[in-house]
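Structural overview
Spelled out from the first residue to the last, the chains are:
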Amino acid sequence: MSTVINLTADVGQHQASARPAHWGGVFAMTLCVFALIASEFMPVSLLTPMAADLRVSEGAAGYGIAISGAFAVLTSLSISALAGRMDRKTLLLWLTGLMAVSGTVVALAPSYCVYMIGRALIGVVIGGFWSLSAATAMRLVPAAQVPRALAIFNGGNALATVIAAPLGSYLGSIIGWRGAFFCLIPVAAIALAWQWISLPAMTAARSNESGSMSRLLKRRTIVLGMAACGAFFMGQFALFTYVRPFLETVAHANVSTLSLILLGIGVAGFIGTATIGVFLRRGVYRALIVIPVLMAVIALALIPFGAWVGGVAVLLALWGLLATAAPVGWWSWIAETMPDDAEAGGGLMVAVVQLAIALGSTAGGMLFDSSGYRSTFVASAAVLLAGAFLTLLTSRSQAPRVA
């Protein structure tokens, strides 16, 4: 019997290693990642003109990020059941097309309500795409090349982080915020055509994803870790969503300076993503505890130094360095803590992160409108410290095999 099992395993391993590599599909999805991340966070760099044009407060305009996060949560938890047996290539193409529709709706929005509908559509794309990304990478390349494919996907994320915010701010100053959103539509169209050409057919695999998630939520370590991850992203976006109005009203940065500061945040984030691996090898939990503590210090330091543009630029660059690197740490935690349930754990984390972004941007907007930036930044620091504490509890509940 053991001989039969070993033979079956060997055949499975041979088939995985013999699977043809569809690197064109990997790069097409990377372009889609770039457009998706740029679409998701474009409002951060355009919040002030959007609020003025739509005749709402900056806090209300920031709810556009909150609603996209809320719909991403719903989609990430239901995409497998809703899609059923649909070929995953077809599903990805529909999601990419919906991203272009979302950009069009936002760019042409005659009212705040229509704008929010457009942002809800991008939330559907975010939840669906990220829930499918890891499983898709496994089907595009041989097993040994999956880490490389995922790294390339993250390269699209990092590139968007570097250039989307400053480019959005720059384009907004030249062609308006609507024009900036219009610029994303051709990128989505190119990604759609490229995926159509390069992705192979991918029939849906049978799974018991809901059962896997239920099983994971019975483990104390997973529950604590997901709470810690959620607190981190909630604290991050309670502050980061309102960086532009802070820079304009407190630091008195003009458009050129604002674009440079946002570029600095992006470049620092790219560096953080490239170097975080060194620190993760020394201990995943150590990095995931230190990062939110340092970000909380930065959030509080922005209050007394808010009027000094140079100091604010340095502090926000450090913020970008840490904040962009942290998700790499949390995905590493998924891989180390749930090696046999990484796909279900990843889907659960997508839901937690998007819900946290929605809650953080909403709470931050309410505080920003009612009490000003100081209360928003203090709240951000408090939630980040809570996340660090929850991560500490997670590490103590974890078996010793994970650093």
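Residues numbered from 1 in each chain as written. Predicted model: local features only at pLDDT ≥ 70, side-chain atom pairs only at ≥ 80, totals over all residues. Heavy atoms only, no water.

**Topic: the packing of helix α9 (residues 220-240) against helix α12 (residues 284-301)**
Under the convention used in this document: To get an axis, a line is fitted to the C-alpha atoms, and for a helix only the part in contact is used. The angle between two axes follows their N-to-C directions and goes from 0 to 180 degrees. Helical segments are the DSSP runs of H or I of at least four residues, strand segments are the runs of E of at least two, and each set is numbered from the N terminus. Here the word oblique covers every angle except those under 35 degrees (roughly parallel), over 145 (roughly antiparallel) and from 65 to 115 (roughly perpendicular). If you view the pair so one helix is near and one far, a crossing is left-handed when the near helix is turned anticlockwise from the far one by less than a right angle, and right-handed when it is turned clockwise. By the convention used here, residues are in contact when the closest approach between their heavy atoms is within 4.5 Å.
Where α9 meets α12, the axes come as close as 11 Å, and the angle between the chain directions of the two elements is 25 degrees. Comparing their axes, α12 and α9 come out roughly parallel. Both α9 and α12 take part in a crossing whose hand is left-handed. On the side of α9, the interface is formed by T221, F232, Q236 and L239, while α12 contributes Y285, I291, P292, M295 and A299.

**Side note on the confidence of the model for the protein chain**
Spelled out, the test is: Scored from 0 to 100, pLDDT reflects the predictor's confidence in each residue.
In the predicted model, the protein chain carries a mean pLDDT of 83, and 87% of its residues have values of at least 70. The element-level mean pLDDT for the protein chain is lowest in helix α1 (residues 2-18), coming to 41, with α12 highest at 95. In this model, residues 1-17 is a region of pLDDT below 50 whose contacts with residues beyond four sequence positions or in other chains number three contacts.

**Some words on helix α15 (residues 373-397)**
Spelled out, the test is: The span one expects for a helix is its residue count, reduced by one, times 1.5 Å. Only protein chains enter the accessibility calculation, which uses a 1.4 Å probe; a residue is then buried when its area is under 20% of its type maximum, exposed when over 50%, and partly exposed in between.
The end-to-end C-alpha distance of α15 is 36 Å, a good match for the 36 Å that 25 residues give at a rise of 1.5 Å each. For α15, the set of buried residues is Y373, T376, F377, S380, A381, L384, G387, A388, T391 and T394.

**A few points about the environment of S259**
As for its position among the elements, S259 is in helix α11 (residues 255-281). Classification of S259 as buried rests on a relative accessible area of 11%. Along the chain, S259 and I163 lie 96 residues apart, while their C-alpha atoms are 9.7 Å from each other. Apart from residues no more than four positions distant in its own chain, S259 is found in contact with P166, S169 and Y170.

**Some details on the packing of aromatic side chains**
So the rule is basically this: Pairs were defined over the aromatic rings of Phe, Tyr and Trp, the Trp ring being its six-membered one, requiring ring centres within 6.5 Å. Orientation was assigned from the angle between planes: stacked under 30 degrees, edge-to-face over 60, tilted for the rest.
Taken as a whole and assessed by the stated rule, the structure comprises eleven aromatic pairs. Centroid distance F237 to F240: 6.3 Å. Interplanar angle 85 degrees. Geometry classified as edge-to-face. Remark: F240 and F237 occur in helix α9; sequence separation between them is three residues, near one turn of the helix. Look at F240 and you get buried, because its relative accessible area is 15%. Between Y242 and F368 the ring centres are 5.5 Å apart and the planes differ by 20 degrees, which places this aromatic pair in the stacked class. Highlighted residues: Y242 in the loop between α9 and α10 (243-249) and F368 in helix α14 (residues 342-371), separated in sequence by 126 residues. Of the aromatic side chains, those joined through ring pairs into one cluster are F246, Y373 and F377.

**Focus: the packing of α12 against α15**
How we decide: As a working rule, the residues Ala, Val, Leu, Ile, Met, Phe, Trp, Tyr, Cys and Pro are called nonpolar, Asp, Glu, Lys and Arg charged, and the rest polar, with Gly in that last group.
In the contact formed by α12 and α15, the axes pass within 8 Å of each other and the chain directions differ by 165 degrees. Judged on the interaxial angle alone, α15 and α12 are roughly antiparallel. Considering the relative orientation of α12 and α15, their crossing is left-handed. Contact residues: α12 offers Y285, L288, I289, P292, V293, M295, A296, A299 and L300, while α15 offers F377, V378, S380, A381, L384, L385, A388, T391, L392, T394 and S395. For the contact of α12 with α15, a count of residues per class yields 16 nonpolar, four polar and no charged.

**Section: the nonpolar core**
This is how it is decided: To define a nonpolar core, start from buried Ala, Val, Leu, Ile, Met, Phe, Trp, Tyr and Cys residues and group those joined through side-chain atoms within 4.5 Å.
One finds M226, F233, L247, L302, W319, W330 and W333 to be the most contacted residues of the largest nonpolar core, which totals 65 residues. Per-element accounting of this core gives the leading share, eleven residues, to helix α13 (residues 309-337). Beyond its immediate sequence surroundings of up to four residues, W333 is in contact with T221, I222, G225, M226, V284, Y285, L288, M338 and T394. Core analysis: the next-biggest nonpolar cluster, separate from the first, contains 36 residues, V33, A100, A160 and L199 among them.

**Observations regarding the pattern of salt bridges**
Where we set the bar: Salt bridges are defined by distance alone: a side-chain nitrogen of Lys or Arg within 4 Å of a carboxyl oxygen of Asp or Glu.
If you walk through the whole model with that rule in mind, you get two salt bridges. Across the pair E248 and R244 runs a salt bridge whose closest N-O atoms are separated by 2.9 Å. One end of the pair, E248, and the other, R244, are both in helix α10, four residues apart, so they sit about a helical turn from each other. Among the residues examined, R244 registers a relative accessible area of 8% and is labelled buried.

**As for a nonpolar patch on the surface**
Worth spelling out the cut-off: Within the patch definition used here, like charges are joined within 9 Å and nonpolar side chains (Val, Leu, Ile, Met, Phe, Trp, Tyr) within 5 Å, considering only residues with over 30% relative accessible area and no salt bridge. Calculation of accessible area relied on Shrake-Rupley with a 1.4 Å probe; when residues are assessed, cover is drawn exclusively from the protein chains displayed.
On the surface, a nonpolar cluster with roughly 390 Å² of combined accessible area is contributed by L167, Y170, I174 and I175. With respect to the helices, strands and loops of the structure, Y170 is situated in helix α6 (residues 146-182).

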